[in-house]
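Residue-level listing of the chains:
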Amino acid sequence: MARPRKHGDGPSKPVSFRLSEADFLAYQAKCAEAGLTPSDFFRECVLTNRTQIVARPKASADTRRLLYLFNKTSNNLNQLAHRANADHLAGTLSESTYEGILYNLEQIARYLKAAIHHAD
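For the structure given in this document, a descriptive report is provided here. (Residues numbered from 1 in each chain as written. Predicted model: local features only at pLDDT ≥ 70, side-chain atom pairs only at ≥ 80, totals over all residues. Heavy atoms only, no water.)

So, the packing of helix α1 (residues 21-34) against helix α2 (residues 38-47)
The N-to-C vectors of α1 and α2 enclose an angle of 85 degrees; their axes lie 9 Å apart at closest approach. As judged from the angle between their axes, α1 and α2 are roughly perpendicular. Here α1 contributes Tyr-27, Lys-30, Cys-31 and Ala-34 to the contact with α2, which in turn contributes Pro-38, Phe-41 and Phe-42. Among the residues making up the contact of α1 with α2, the classes are represented as six nonpolar, no polar and one charged. (Axes fitted to C-alpha atoms, helices over the stretch in contact; angles between N-to-C directions. Helix = DSSP H or I, 4+ residues; strand = E, 2+ residues; numbered from the N terminus. Parallel < 35°, antiparallel > 145°, perpendicular 65-115°, else oblique. Contact = heavy atoms within 4.5 Å. Nonpolar A, V, L, I, M, F, W, Y, C, P; charged D, E, K, R; others polar.)

Shown next, in the form of structure tokens:
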């Protein structure tokens, strides 16, 4: 039988986020130093505005469009790289052709990254 639900002002909405292993250990250490549970520590920091938020600059419409198109393109590049690797391992693609394909894929990736940095 399920527990009866409490109706009150207590916490009822979960908030979740992921941390790297190192960040998680640092978070646990801060909670222990404060003598609070991780939930209480997070609530205390956020709700009392004891946090400092550094806003990232908003990307322009051009940059957002480029990122969208590049994300689509990167999927296709990954498929090409996967196919070239599979064919090379199967012996149906020569070493020189394989190296040429990889070189060209790397060049395309460099061009895409450079275009993002010059978008704005």
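Let's talk about a nonpolar patch on the surface
On the surface, a nonpolar cluster with roughly 460 Å² of combined accessible area is contributed by Val-15, Phe-17, Leu-19, Phe-24 and Leu-25. Within the secondary structure, Leu-19 is located in the segment before α1. (Patch = residues over 30% accessible without salt bridge, like charges linked within 9 Å, V, L, I, M, F, W, Y side chains within 5 Å. Areas by Shrake-Rupley, 256 points an atom, 1.4 Å probe, with all protein chains shown as cover. Salt bridge = Lys/Arg side-chain N within 4 Å of Asp/Glu carboxyl O.)

Some thoughts on the pattern of salt bridges
Tallied over the entire structure, the rule returns two salt bridges. With a shortest N-O distance of 2.7 Å, Arg-43 and Asp-40 are connected by a salt bridge. Placement of the pair is Arg-43 and Asp-40 together in helix α2, with a separation of three residues, close to one helical turn. For Arg-43, a relative accessible area of 33% corresponds to the partly exposed category. Asp-40 sits in the partly exposed class, given a relative accessible area of 32%. Here Arg-83 makes a salt bridge to Asp-87, at a shortest N to O gap of 3.0 Å. Residue Arg-83 and its partner Asp-87 are both found in helix α3 (residues 61-90); the two are separated by four residues, about one turn of the helix. Arg-83 gets classed as exposed once you look at its relative accessible area, which sits at 53%. (Buried < 20%, exposed > 50% of the residue type's maximum accessible area, 1.4 Å probe, protein only.)

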